[in-house]
Amino acid sequence: MITAKFATEAFTCPSCVKKIESTVGRMEGVDEVSVLFNSSKVKVTFDDALVNADAISQTITKLGYPVLGVK
């Protein structure tokens, strides 16, 4: 398992958090998702044999929250 933090633009409401956590959490290979509201980061633990950081980044961006970087 790998844990990565995806830096995004600022979140504006709790429903943004729920949307990201539920959508990314349903991706195959994703074990855990938590949105760090105050720092505008999405922390994801995933199996890199099933999904990669690029696919997760694209999913977050498609939800309307452009990913600015991955660490």
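Draft legend 1. View of the overall build of the protein chain. Regarding its fold elements, the protein chain presents 2 helices and 4 strands. Computed over the C-alpha atoms, the radius of gyration of the protein chain is 11 Å, within 12% of the 11 Å expected from 2.2 N^0.38 for a compact globule of 71 residues. Taken across its 71 residues, the protein chain has 35% of its residues classed as buried. Look at the contacts in the protein chain between residues 6 or more apart in sequence, and 62% of them connect residues 24 or more apart. Per element, the accessible surface of the protein chain, about 4,200 Å² overall, is 50% carbon and sulfur. Where the 8 positive side-chain charges of the protein chain centre and where its 8 negative ones centre are 8 Å apart.

Draft legend 2. Region of the structure containing unusual backbone geometry. In this model, Ser 40 sits at a positive phi of 55°, which is unusual for a non-glycine residue. Examined against the element boundaries, Ser 40 turns out to sit in the loop between β2 (30-36) and β3 (41-46). With relative accessibility at 11%, the residue Ser 40 sits in the buried group.

Draft legend 3. How the structure looks around the side chain of Thr 59. Along the chain, Thr 59 falls in helix α2 (residues 53-62). Under the relative-accessibility criterion, Thr 59 is labelled buried at 18%. Ignoring sequence-local partners within four residues, the contact set of Thr 59 consists of Thr 23, Val 24 and Met 27.

Draft legend 4. Spatial organisation of the sheet that holds β2. If you walk across this open sheet you meet the 4 strands as β2-β3-β1-β4, and the pairing is antiparallel. The two strands at the open ends of the sheet, each matched to only one other strand, are β2 and β4 (67-70). When strand polarity is set aside, the average angle formed by the axes of neighbouring strands in this sheet is 20°. Pairing analysis gives 3 bridges linking strand β1 (residues 2-8) to β4, with the strands arranged antiparallel. From the neighbouring strand, Thr 8 faces β4, where its bridge partner is Val 67. Strand contacts of helix α1 (residues 14-25): β2 and β3, with the helix running at about 165° to β2, the strand carrying the most contacts.

Draft legend 5. Structural detail: the nonpolar core. Ranked by size, the top nonpolar core spans 19 residues in total, and within it Phe 6, Val 24, Val 30, Val 42, Val 44, Ile 56 and Ile 60 carry the most contacts. Among the elements of the structure, β1, α1, β2, β3 and α2 are those that each provide at least two residues to this core. A per-element tally of this core places α1 first, with 4 residues. Not counting residues up to four positions away in its chain, the partners in contact with Ile 60 are Phe 6, Thr 8, Val 24, Val 42, Tyr 65 and Val 67.

About the cut-offs
- Residues numbered from 1 in each chain as written.
- Predicted model: local features only at pLDDT ≥ 70, side-chain atom pairs only at ≥ 80, totals over all residues.
- Heavy atoms only, no water.
- Helix = DSSP H or I, 4+ residues; strand = E, 2+ residues; numbered from the N terminus.
- Rg over C-alpha atoms; globule rule 2.2 N^0.38 Å.
- Buried < 20%, exposed > 50% of the residue type's maximum accessible area, 1.4 Å probe, protein only.
- Contact = heavy atoms within 4.5 Å.
- Areas by Shrake-Rupley, 256 points an atom, 1.4 Å probe, with all protein chains shown as cover.
- Lys, Arg positive; Asp, Glu negative; His and termini not counted.
- Charge placed at Lys NZ, Arg CZ, Asp CG, Glu CD.
- Pairing = 2+ DSSP bridges.
- Axes fitted to C-alpha atoms, helices over the stretch in contact; angles between N-to-C directions.
- Core = buried A, V, L, I, M, F, W, Y, C linked by side-chain atoms within 4.5 Å.

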